[in-house]
Amino acid sequence: MGGFDLPRRLVAEGLGTAMLVATVVGSGIMATSLTQDVGLALLGNTLATGAILVVLITVLGPISGAHFNPAVSLIFAISSTLARGDLAGYVMAQVVGGVVGTIAAHLMFGLPVIELSAKVRTGSAQWFSEGVATFGLVAVILAGIKFEQKAVPWLVGLYITAAYWFTASTSFANPAVALARSLTNTFSGIRPIDLPGFWVAEVAGAVVALMLFTWLLQPSTSSTISSEPKL
């Protein structure tokens with residue numbers, strides 16, 4: 001992360017998460033103000049989110065790693081890519097940034113600063129979807145870092161764009177963003193009471209991905225066959 005000190009990294013994490021949430025919430029509000037077609041509104045929300053992820057990871061990744069996600073920070077701390085003593089600071093910056101992002105979106109559209117969501121998102125299908133979404137996100141990040149690090153911003157942006165559509169939950173895949181989205185009673189919201197199920201599923205999906213890909217990305221250690229000619 002280019003030798004940036006912890007305060008700068010935390011500001012980058014908070015700023016990035018704020019801009020991500022402002023985009024998710026704001027584009028949802030804009031979409032529903034322009035059309036009554038839910039599918040078209042979701043498409044607008046999806047494209048804006050995927051695009052901003054590419055931008056944010058590209059410009060802030062060299063500073064903080066561009067996690068913007070407690071589940072991602074957790075797996076990097078477990079794998080010692082992030083100092084474990086920095087984990088709490090990262091998570092706090094992401095949570096605060098997410099809340100600021102929701103507030104910013106509301107202010108831009110003249111809505112109440114905070115408004116608890118009434119949108120129901122619960123049940124086994126939703127929870128499983130969040131586990132799958134977060135598993136896929138972490139898998140993409142780990143494999144991308146291993147094989148094509150410069151492409152990670154695009155890989156993450158494209159993955160989330162796709163996951164909006166193939167998961168029943170529309171792929172929150174992020175505990176801090178989920179919390180921030182509970183504070184908006186708009187298109188992208190989630191009831192606060194539904195958050196624990198999402199959080200558990202997201203963390204579980206991230207940990208399973210870390211376990212599998214820690215093994216999967218290890219090169220074979222089997223001995224090579226001798227090329228010497230046999231007599």
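Residues numbered from 1 in each chain as written. Predicted model: local features only at pLDDT ≥ 70, side-chain atom pairs only at ≥ 80, totals over all residues. Heavy atoms only, no water.

Although it is not a glycine, A66 adopts a positive phi angle of roughly 55°. With phi around 55°, F68 is a residue other than glycine that occupies positive phi space. Looking at where F68 falls in the secondary structure, it is placed in the loop between α2 (38–64) and α3 (70–78). A relative accessible area of 1% places F68 in the buried class. (Helix = DSSP H or I, 4+ residues; strand = E, 2+ residues; numbered from the N terminus. Buried < 20%, exposed > 50% of the residue type's maximum accessible area, 1.4 Å probe, protein only.)

Evaluated as defined, the whole model comprises three salt bridges. A salt bridge links D5 to R8, with the nearest nitrogen and oxygen atoms 2.7 Å apart. According to the relative accessible area criterion, D5 is partly exposed, its value standing at 34%. Among the ionic pairs, R191 bridges to D194, the shortest N-O distance being 2.9 Å. Looking at D194, the relative accessible area reads 4%, which means it is buried. (Salt bridge = Lys/Arg side-chain N within 4 Å of Asp/Glu carboxyl O.)

Core analysis: the biggest nonpolar cluster contains 47 residues, and L20, L137, L142 and V156 have the highest contact counts within it. Setting aside residues up to four positions removed in sequence, L137 forms contacts with N69, V72, V156, Y159, I160 and A173. F172, I190, L195 and F198 belong to the second-largest nonpolar core, a separate cluster that totals five residues. (Core = buried A, V, L, I, M, F, W, Y, C linked by side-chain atoms within 4.5 Å. Contact = heavy atoms within 4.5 Å.)

Turning our eyes to something else, we now look at a nonpolar patch on the surface. Taken together, the side chains of M30, L34, M108 and F109 define a hydrophobic patch exposed on the protein surface, amounting to about 430 Å² of accessible area. With respect to the element layout, M30 can be found in helix α1 (residues 6–34). (Patch = residues over 30% accessible without salt bridge, like charges linked within 9 Å, V, L, I, M, F, W, Y side chains within 5 Å. Areas by Shrake-Rupley, 256 points an atom, 1.4 Å probe, with all protein chains shown as cover.)

This structure, assessed with the given rule, holds three aromatic pairs. Their ring planes at 65° and their centres at 6.3 Å tell us that F135 and F213 sit as a pair that is edge-to-face. Pair noted here: F135 is in helix α5 (residues 124–147) and F213 is in helix α8 (residues 195–216), with a separation of 78 residues, a long-range link. By relative accessible area, which is 26% here, F135 ends up partly exposed. Aromatic side chains Y159 and F166 sit 6.2 Å apart centroid to centroid with 70° between the ring planes, which places their arrangement in the edge-to-face category. The class of Y159 is buried, set by a relative accessible area of 12%. Here K119 stacks its cationic end above the ring of F187, 4.8 Å away from the centre of that ring. Taking NZ or CZ as reference, R181 lies 3.6 Å from the ring centre of F172, over its face. (Phe/Tyr/Trp six-rings, centres within 6.5 Å; stacked < 30°, edge-to-face > 60°. Lys NZ or Arg CZ within 6 Å of the ring centre and 35° of its normal.)

Taken by themselves, the reported measurements are silent on function.
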